[in-house]
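Understanding the architecture of this molecule
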Amino acid sequence: MSWKSLLEGVYSLPSRVYFFDTTLRDGEQTPGVALRVEEKMLIAEALADLGIDVIEAGFAVVSRGEFEAVKKISGMGLSSQICSLSRCDRRDIDAAVDAGCDWVHVFIATSDIHMKYKLSLTREQVVERAVEMVEYAKSRGVVVHFSAEDATRSDQDFLMSVFRSVKEAGADSIDIPDTVGVALPHVMRLLAEKSRRVTGLPVAVHCHDDMGLATANTLAGVEGGAEIVHVTVNGIGERAGNTSLEEVAVALKFLYGIESNINFEKIARVSKLVARLTGIPVPKNKAVVGENAFSHESGIHVHGVIKNPATYEPIMPEQVGMRRRIVVGKHSGIHSINTVLRQYGYFLNSDEVKMVLDRVKEIGDTGHKLSDHELLEIVKELLGAKAAGPVALKGFQQITTQSEDRCIAEFEVQGEIMHSEGIGKTPSLSAIDASLKAFKNILENVEVKDLSLFASPYEDRHPYEAEVTLALSDGVIIGKGTGKTSSHAILNAMVSAVNQHLLAVSRRVV
Ligand code: KIV
Ligand code: ZN
């Protein structure tokens, strides 16, 4: 759904928006976050792959390590433009240029409070310095992006005169930072409109989330004609953080119908990478990338989503690299239990499902969050072997060494015990390779079309969940499995997919 036609009548929206990502600079200023050079390089690579136009790789002058990181990222040959932050100081600009940046983000504060207490400069001195440093940066052959720090608390006439002056000095684009997150959407829209009118330059907005308005303010800036949005992955940043990349990207595409270079299906991957490397977890209820963003528990919602996901999902999880999850708990209904169990290869009759549902509600009422694995244990406890399909995983061992993963498995296939072993050597994929080989030794006509591994949010003993999509003779089937290790979860997922297939075939034969 898009509001494009309605909005176009009111605002002159840009046809394309450019993403300026500052995860590696403002994001790294999150209290407690410090990234190593290699970690910054990994994130930069992922950001380029995501389609970010400009990566603010750091603040080159602040330390030797920071300079090295910016320099290494500049030398990676990424498709994004690389930028460094720089105060209005020749040493900062020199460090950015020497680090090989394409863009230099020159800033100086323009609010009275910052000029008086932080800079001890008069308005005239601030303008003079800004002009001189923009000219200097231009003379060093880089693209100059100018920010008026604390723009939203600056005297508006003064702010416009600063923007006018830096434009004349050669700035290529200007940015309106809402440094302490006090803007309102209406204010940001007006400021963007005015800045564009006064300078004729491309305008950026840089918002902070102190009042929870960063995304709304950024979008309002775009309504006012801003073509560049400053964002961070997962919205990390100083204090309450910056504008969240994923929220703005999704809103621009799906609600405004505005183009960008973002590869949406890569969003979840980048979000996870940044959460892991910064140690800042993504809140479960975070829009777009939170574990719950596409999770459903209530029976009414699950019923709707099973019939048509759009009943309770504004976009499909796959569009942003996420997955849909049906969570079982006290709000569940028959449909939820059936859907989850089918994915694990269990087909129960209505009395059996009712028994399982009663137990799930009983446990849910105690406040316990049920994992999928615990749900399967309930089924086994209540219904015993009845629930198992024609193929079962009877035994399993995963041996991991520095060079390989070995997966040793024992299966029961229609009453016959079969042993199998698989070895995987592909770096970082060896466990997956080993388990797929072990499985294919017993059922070779199985083609794996897709495989995803997840960490279970509610489970320590079986922390892995796998989802496999198999191409079988009569179509595609999805199976899920939990496990103590990744291989264990994959084998269980393969078994459940094959069982679903075999049960469906046997039903057709009967
Ligand atoms: O929030 C801010 O004002 C900044 C500037 C350096 C752009 O991060
Ligand atoms: Zn900032």
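This is a predicted model, so every value here is computed, not measured.

Procedures and definitions
- Residues numbered from 1 in each chain as written.
- Chains lettered and ligands numbered in written order.
- Predicted model: local features only at pLDDT ≥ 70, side-chain atom pairs only at ≥ 80, totals over all residues.
- Heavy atoms only, no water.
- Helix = DSSP H or I, 4+ residues; strand = E, 2+ residues; numbered from the N terminus.
- Contact = heavy atoms within 4.5 Å.
- Areas by Shrake-Rupley, 256 points an atom, 1.4 Å probe, with all protein chains shown as cover.
- Lys, Arg positive; Asp, Glu negative; His and termini not counted.
- Charge placed at Lys NZ, Arg CZ, Asp CG, Glu CD.
- Near = heavy atom within 4 Å.
- Polar contact = N/O pair within 3.5 Å; in protein donor to acceptor, adjacent residues only side chain to side chain.
- Nonpolar A, V, L, I, M, F, W, Y, C, P; charged D, E, K, R; others polar.
- Domains from an automatic or database assignment.
- Buried area = accessible area lost by both parts, 1.4 Å probe.
- Salt bridge = Lys/Arg side-chain N within 4 Å of Asp/Glu carboxyl O.
- Donors = N, O, S within 2.8 Å, 3.2 Å for Na, K, Ca; no water.
- Buried < 20%, exposed > 50% of the residue type's maximum accessible area, 1.4 Å probe, protein only.

**As for the overall build of the protein chain**
Along the backbone of the protein chain there are 17 helices and 16 strands. Sequence separation of 24 or more characterises 65% of the internal contacts of the protein chain that already satisfy a separation of 6 or more. A total of about 22,400 Å² of accessible surface is found on the protein chain, and carbon and sulfur atoms cover 52% of it. Where the 55 positive side-chain charges of the protein chain centre and where its 68 negative ones centre are 1 Å apart.

**Some points on the site of ligand 1**
All residues adjacent to ligand 1 are R25, D26, L85, H105, F107, S147, E149, P177, T179, H206 and H208. Here R25 contributes a side-chain N or O atom positioned 3.0 Å from an oxygen atom of ligand 1. H206 is positioned such that a nitrogen or oxygen atom in its side chain is 3.1 Å from an oxygen atom of ligand 1. Mapped by element, the contributors of at least two residues to the shell around ligand 1 are β4 (103–109) and β5 (143–149). Across the shell around ligand 1, the residue classes tally to three nonpolar, five polar and three charged.

**Here we look at the domain arrangement of the protein chain**
How big an interface is tends to be expressed through the accessible area that disappears when the partners come together. Domain boundaries in the protein chain define domain 1 (4–278), domain 2 (295–380) and domain 3 (391–509). Computed over C-alpha atoms only, the centres of domain 2 and domain 3 are separated by 22 Å. Contacts between domain 2 and domain 3 engage 15 residues on the former and 18 residues on the latter. Around 1,500 Å² of area is buried between domain 2 and domain 3 when both sides are counted, 53% of it from carbon and sulfur atoms. On the surface where domain 2 and domain 3 come into contact, there are three salt bridges. With a shortest N-O distance of 3.5 Å, E465 and R323 are connected by a salt bridge.

**Quick look at the coordination of the zinc ion (ligand 2)**
Any two of four tetrahedral donors ideally make an angle of 109.5 degrees at the metal, while pairs among six octahedral donors ideally make 90 or 180 degrees. In this structure, D26 (OD), H206 (NE2) and H208 (NE2) serve as the protein donors to the zinc ion (ligand 2), at separations of 2.0 to 2.1 Å. Positions of the donor residues of the zinc ion (ligand 2) along the chain correspond to the pattern D-x179-H-x1-H. Taken together, the residues span a long stretch of sequence, with D26 in the loop between β1 (18–21) and α2 (37–50) and H206 in strand β7 (residues 203–207) at a distance of 180 residues. Relative accessible area serves as the criterion here: at 3%, D26 is assigned to the buried category. For H206, a relative accessible area of 5% puts it in the buried group.

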